[in-house]
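Examining the three-dimensional arrangement
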Amino acid sequence: AQARIPMEVRTRLESLSQIQDKYEEMQQGFFAEAEQLERTYQPLFEKEHERRAQLLKTGKIKAGTPRITPIPDFWKHVMMAHPTIRQLLNNRDIKVLDYLKDVRVTLLDNNVKGFKLFFVFNENPYMNDPILVKEYVMQDKISMGQNILKQIKSDPEKVSWNPMKDPALMTVRRKYKNGTETRDVTVGQSFFNLFTPLELEPLPPGTELSSREIETRRMIEREIQFDLDVGFIFKDEIIPRASKYYELSRRQETAPGLPAPPASS
């Protein structure tokens with residue numbers, strides 16, 4: 001039988017719960033105002049991002065300014081300098097990133113909470129899609145000071161790779177003692193796996209799952225949360241501080257082990 005909580009303890013818990021409820025109510029107001037402030041500044045941020053994109057493409061911010069050499073592989077170096085993103089990249093990913101010319105973020109419409117990431121590519125021999133879009137839709141409320149994910153979308157839903165150009169595909173060669181050899185194509189880790197978002201179907205009330213099914217759902221939940229974490233890394237760290245990460249990448253070529261720039265506050 002479940003142990004009864006003493007009256008004195010219940011009274012304390014109720015008092016603490018009232019304080020917690022009041023705190024969370026104020027926190028909801030804080031995040032609502034913070035979101036509106038972010039929407040006010042986002043067009044200004046996007047203007048600077050556009051100036052940066054023009055500099056990377058043409059070597060000039062505007063007519064009459066000094067010209068520098070364009071930096072075609074800027075975003076590849078930026079992503080390789082971030083410790084979390086670097087771990088997602090395989091050697092084939094890096095070759096694709098040679099053609100990545102811009103990464104941008106926009107907030108969703110006023111009545112929807114969330115953001116979109118745009119990965120813009122030059123024409124290349126790997127994929128047919130010039131732009132890959134990730135959309136993160138959040139619930140209106142927060143929980144324990146954290147945003148709650150509602151849905152992750154990708155556009156296109158599946159990247160159109162040219163034959164055998166998908167960087168997630170690996171050819172595994174197996175040699176046998178009798179001299180024969182086989183080659184199997186398998187799917188491995190790739191940054192671009194993030195553009196095939198996972199979905200977790202809601203379960204009807206009373207559904208009973210096996211231990212294997214429970215573990216599978218937990219694994220999918222972890223991968224979805226990691227996808228969201230990566231989205232916020234691009235939104236809050238990589239895009240606003242791209243120049244710092246590029247500088248770090250170039251410095252690491254001569255002095256490996258330099259720490260990443262601090263995250264934006």
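To start, this report covers the structure provided alongside it. (Residues numbered from 1 in each chain as written. Predicted model: local features only at pLDDT ≥ 70, side-chain atom pairs only at ≥ 80, totals over all residues. Heavy atoms only, no water.)

Observations concerning the overall build of the protein chain
Each helix and strand counted, the protein chain has six helices and six strands in total. Sequence-distant contacts in the protein chain: of pairs separated by 6 or more residues, those separated by 24 or more amount to 53%. For the protein chain, the computed accessible surface area is about 17800 Å², with 53% contributed by carbon and sulfur atoms. (Helix = DSSP H or I, 4+ residues; strand = E, 2+ residues; numbered from the N terminus. Contact = heavy atoms within 4.5 Å. Areas by Shrake-Rupley, 256 points an atom, 1.4 Å probe, with all protein chains shown as cover.)

Brief notes about the packing of aromatic side chains
A complete count under the given rule lists 15 aromatic pairs for this structure. Through pairs of rings, three or more aromatic residues link up here, namely F119, F121, W161, F191, F192, F195 and F234. Directly above the aromatic system of F115 lies the positively charged group of K235, at a separation of 5.7 Å from the ring centroid. (Phe/Tyr/Trp six-rings, centres within 6.5 Å; stacked < 30°, edge-to-face > 60°. Lys NZ or Arg CZ within 6 Å of the ring centre and 35° of its normal.)

Structural notes on the pattern of salt bridges
The final tally for this structure, using the stated rule, is 12 salt bridges. Here R51 ties to E48 by a salt bridge, and the two come within 2.9 Å at their closest N and O atoms. One end of the pair, R51, and the other, E48, are both in helix 1 (residues 7–58), three residues apart, so they sit about a helical turn from each other. Judged by relative accessible area, R51 falls into the partly exposed class, the value being 36%. Judged by relative accessible area, which is 41%, E48 ranks as partly exposed. Among the ionic pairs, E50 bridges to R104, the shortest N-O distance being 2.5 Å. One end of the pair, E50, is in helix 1; the other, R104, is in strand 1 (residues 100–107), and 54 residues separate them in sequence. For R104, a relative accessible area of 29% corresponds to the partly exposed category. In this structure, a network of salt bridges that share partners links the residues E38, K235 and D236. (Salt bridge = Lys/Arg side-chain N within 4 Å of Asp/Glu carboxyl O. Buried < 20%, exposed > 50% of the residue type's maximum accessible area, 1.4 Å probe, protein only.)

Here we look at the layout of surface pockets
Here the largest pocket defines a volume of roughly 1400 Å³. Lining the largest pocket are 44 residues; nearest its centre among them are E38, N147, F232, K235 and D236. Where the lining of the largest pocket is concerned, the elements lending two or more residues are helix 1, strand 1, strand 2 (113–121), strand 4 (146–155) and helix 5 (211–238). Element by element, the count of residues in the lining of the largest pocket is highest for helix 1, at 13 residues. A class-by-class count of the residues in the lining of the largest pocket yields 21 nonpolar, 10 polar and 13 charged. (1 Å grid on protein atoms, 1.4 Å probe; cavity = no way out; pocket = protein on both sides within 12 Å on 5 of 7 lines; lining within 4 Å. Points joined across faces, edges and corners; volume = space filled by probe spheres on them. Nonpolar A, V, L, I, M, F, W, Y, C, P; charged D, E, K, R; others polar.)

Some remarks on the packing of helix 2 (residues 74–81) against helix 6 (residues 242–252)
Running from amino to carboxyl end, helix 2 crosses helix 6 at an angle of 80°, the nearest separation of the two axes being 8 Å. Regarding the angle of helix 2 to helix 6, the classification is roughly perpendicular. Between helix 2 and helix 6, the contacting residues are F74, W75, H77, V78 and A81 on the first element and A242, S243, Y245, Y246, L248, S249, R250 and Q252 on the second. In terms of residue class, the contact of helix 2 with helix 6 is built from eight nonpolar, four polar and one charged. (Axes fitted to C-alpha atoms, helices over the stretch in contact; angles between N-to-C directions. Parallel < 35°, antiparallel > 145°, perpendicular 65-115°, else oblique.)

Some remarks on a nonpolar patch on the surface
On the surface, I5, V9, L13, L16 and I19 cluster together to form a nonpolar patch covering roughly 450 Å² of accessible area. As for its placement among the helices and strands, V9 is situated in helix 1. By relative accessible area, V9 is classed as partly exposed at 31%. (Patch = residues over 30% accessible without salt bridge, like charges linked within 9 Å, V, L, I, M, F, W, Y side chains within 5 Å.)

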